[in-house]
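# Observations on the model geometry
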Amino acid sequence: MKPAVSTLGLGAMIAALSGTVSFAKDTYPPVDVLLNSTTTILGQEFSYPEGIAKMTGAIVTLQPGKETGWHRHNAPLFGYLLEGELSVDYGNEGTRHYVAGDALIEAFETLHNGYNSGSEAVRILVVFAGAEGTTNTVSE
């Protein structure tokens, strides 16, 4: 039988996840906050789509030399690079380079194209905070 999480322990975990990063190491189980942001990688504010909330999690895999194609996201997207190197062209906003261990809130409603700029497969954990009836990603 698994031990129950105490109210104090649960409160500590919630505080750690809600932005008190310095408190995160003092919780059990330990919590390593990957990212806590109110803006995207381009400094944009973002908002959640209206409607019934719908979370979507996926792993995107790109082989060396492959690209996503130009697209935009209509729902906020948290990304975490599990493996490899990824370069993303944001048009007039320039190109950014990401490596395994990087966490980001992807550009919101802005065209961009990601490509595997390394020699091994890129694997990215993506989590969309969307809504029923809202398309998370739209190809252009």
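Rules used throughout
Residues numbered from 1 in each chain as written. Predicted model: local features only at pLDDT ≥ 70, side-chain atom pairs only at ≥ 80, totals over all residues. Heavy atoms only, no water. Helix = DSSP H or I, 4+ residues; strand = E, 2+ residues; numbered from the N terminus. Buried < 20%, exposed > 50% of the residue type's maximum accessible area, 1.4 Å probe, protein only. Contact = heavy atoms within 4.5 Å. Areas by Shrake-Rupley, 256 points an atom, 1.4 Å probe, with all protein chains shown as cover. Pairing = 2+ DSSP bridges. Axes fitted to C-alpha atoms, helices over the stretch in contact; angles between N-to-C directions.

## Description of the overall build of the protein chain
Counting secondary structure elements, the protein chain contains 1 helix and 9 strands. When the elements of the protein chain are put in sequence order from the N terminus, they spell out α-β-β-β-β-β-β-β-β-β. Relative to its 140 residues, the protein chain shows a buried fraction of 33%. Expressed as a percentage of contacts within the protein chain between residues at least 6 apart in sequence, the contacts between residues at least 24 apart total 72%. Carbon and sulfur atoms make up 54% of the accessible area of the protein chain, which amounts to about 8600 Å² in all.

## Topic: the sheet that holds strand β3 (residues 77–83)
Across the sheet, which stays open at both edges, the 4 strands sit in the order β1-β8-β3-β6 with antiparallel pairing between neighbours. Single-partner strands in this sheet number two, and they are β1 (53–62) and β6 (103–105). Averaged over all pairs of adjacent strands, the angle between their axes in this sheet comes to 20 degrees, without regard to strand direction. Looking at chain direction, β1 and strand β8 (residues 122–131) are connected through 10 bridges and run antiparallel. Bridging from a neighbouring strand, Met 55 pairs with Ala 129 of β8.

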